Amino acid sequence: MIVGTLLVSNLLLAAGLTARALAPRPVRIVPSARAEATLFPGVVPQEALREFALRYVLHFDNYTPATIEETTRTLRKMIAARSWSGAAEALEKRRQVALEGRMSSQVLPLRVQAEGSRVTVEAIRRTFISDRLSREARVRYEVTLEPQPPTDANPFGLGVVAQEIHEL
């Protein structure tokens with residue numbers, strides 16, 4: 001009789017512990033020092049915007065006649081669908097100038113900052129023609145980004161909508 005009572009109470013205790021372990025736990029959200037790094041649906045972290053824009057600028061203005069084809073292919077994957085028609089034409093003209101004029105470009109980023117979906121990259125841009133330095137200028141790239149579905153080619157889930165280059 002005592003053994004039966006102990007067996008039943010052990011089974012009830014095991015069932016209660018199992019049910020408690022499998023029950024969903026409440027989630028409590030509290031502010032923290034890492035609040036900016038927390039991902040919320042539909043919100044793109046500023047760090048991701050800065051990183052993507054910097055990669056775009058580095059691909060856009062770091063090329064030689066030997067690498068222009070590959071950089072153009074990479075840039076095409078980074079451009080938003082709604083900006084594709086105008087950008088494709090401009091990239092093709094840029095490719096032809098680089099190949100025919102034996103033009104190269106090098107960009108050295110100095111500072112990157114994001115404000116909303118617009119990212120500013122300040123840099124030094126050097127242009128070479130036939131392997132000779134033709135021009136060196138301090139420039140500011142202003143890149144406007146928008147979210148888009150991520151792909152293997154563009155895992156950031158961002159696309160370039162517009163770009164402006166200003167000499168300082």
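Note: the structure precedes this text.
All figures in this text were calculated on a predicted structure; none of them were measured in a lab.

> How would you summarise the overall build of the chain if you had to cite specific residues and measurements?
Within the chain, the secondary structure is distributed over 4 helices and 4 strands. Going residue by residue from the N terminus, the α and β elements of the chain occur as α-α-α-α-β-β-β-β. Against the compact-globule benchmark of 15 Å for 168 residues, the chain has a radius of gyration of 27 Å, which places it well outside the compact range. Buried positions account for 29% of the 168 residues belonging to the chain. Within the chain, counting contacts between residues at least 6 apart in sequence, those at least 24 apart form 55% of the total.

> Go over the nonpolar core with me, naming the residues and quoting the values.
Residues Tyr56, Val57, Tyr141, Val143 and Leu145 are the most contacted members of the largest nonpolar core, which totals 22 residues. For this core, the secondary structure elements donating two or more residues are α2 (46–61), α3 (68–78), α4 (84–100), β2 (118–129), β3 (132–147) and β4 (158–167). A total of 6 residues in this core trace back to one element, the largest contributor, which is α2. Once you skip the residues sitting within four places of it in the chain, Tyr141 turns out to touch Val57, Asp61, Val107, Val119, Thr120, Val121, Ala123, Arg125, Glu164 and Ile165.

> Which residues make up the layout of surface pockets, and what values do they have?
The space that makes up the largest pocket amounts to roughly 180 Å³. Forming the walls of the largest pocket are Tyr56, Phe60, Ile79, Ser83, Ala87, Ala90, Leu91, Arg94, Val160, Val161, Ala162 and Gln163. Counting residues per element, the ones that place at least two in the lining of the largest pocket are α2, α4 and β4. Per-class residue counts for the lining of the largest pocket are 9 nonpolar, 2 polar and 1 charged.

> Now, about the side chain of Ser83: what can you tell me, with residues and values included?
Tracing the backbone through its elements, the reader meets Ser83 in the loop between α3 and α4. Residue Ser83 is classed as buried on the basis of its relative accessible area, which comes to 16%. Setting aside anything within four residues of it in sequence, one finds Ser83 in contact with Val160 and Val161.

> How would you summarise the packing of aromatic side chains if you had to cite specific residues and measurements?
In total, this model carries 2 aromatic pairs according to the counting rule given. Both rings, one in Tyr56 and one in Phe60, keep their centres 6.0 Å apart while their planes meet at 20°; by these two values the pair is stacked. In this pair, Tyr56 and Phe60 both sit in helix α2, 4 residues apart, roughly one turn of the helix. For Tyr56, a relative accessible area of 5% puts it in the buried group. On the basis of relative accessible area, Phe60 is assigned to the buried category, the value being 13%. The ring of Phe60 is capped by Arg94, whose NZ or CZ atom sits 4.7 Å from the centre of that ring. The ring of Tyr63 carries Arg94 above its face, with NZ or CZ at 4.6 Å from the centroid.

Reading the values: rules and limits
Residues numbered from 1 in each chain as written. Predicted model: local features only at pLDDT ≥ 70, side-chain atom pairs only at ≥ 80, totals over all residues. Heavy atoms only, no water. Helix = DSSP H or I, 4+ residues; strand = E, 2+ residues; numbered from the N terminus. Rg over C-alpha atoms; globule rule 2.2 N^0.38 Å. Buried < 20%, exposed > 50% of the residue type's maximum accessible area, 1.4 Å probe, protein only. Contact = heavy atoms within 4.5 Å. Core = buried A, V, L, I, M, F, W, Y, C linked by side-chain atoms within 4.5 Å. 1 Å grid on protein atoms, 1.4 Å probe; cavity = no way out; pocket = protein on both sides within 12 Å on 5 of 7 lines; lining within 4 Å. Points joined across faces, edges and corners; volume = space filled by probe spheres on them. Nonpolar A, V, L, I, M, F, W, Y, C, P; charged D, E, K, R; others polar. Phe/Tyr/Trp six-rings, centres within 6.5 Å; stacked < 30°, edge-to-face > 60°. Lys NZ or Arg CZ within 6 Å of the ring centre and 35° of its normal.

So, to be careful, I would describe these as geometric facts and stop short of saying anything about function.
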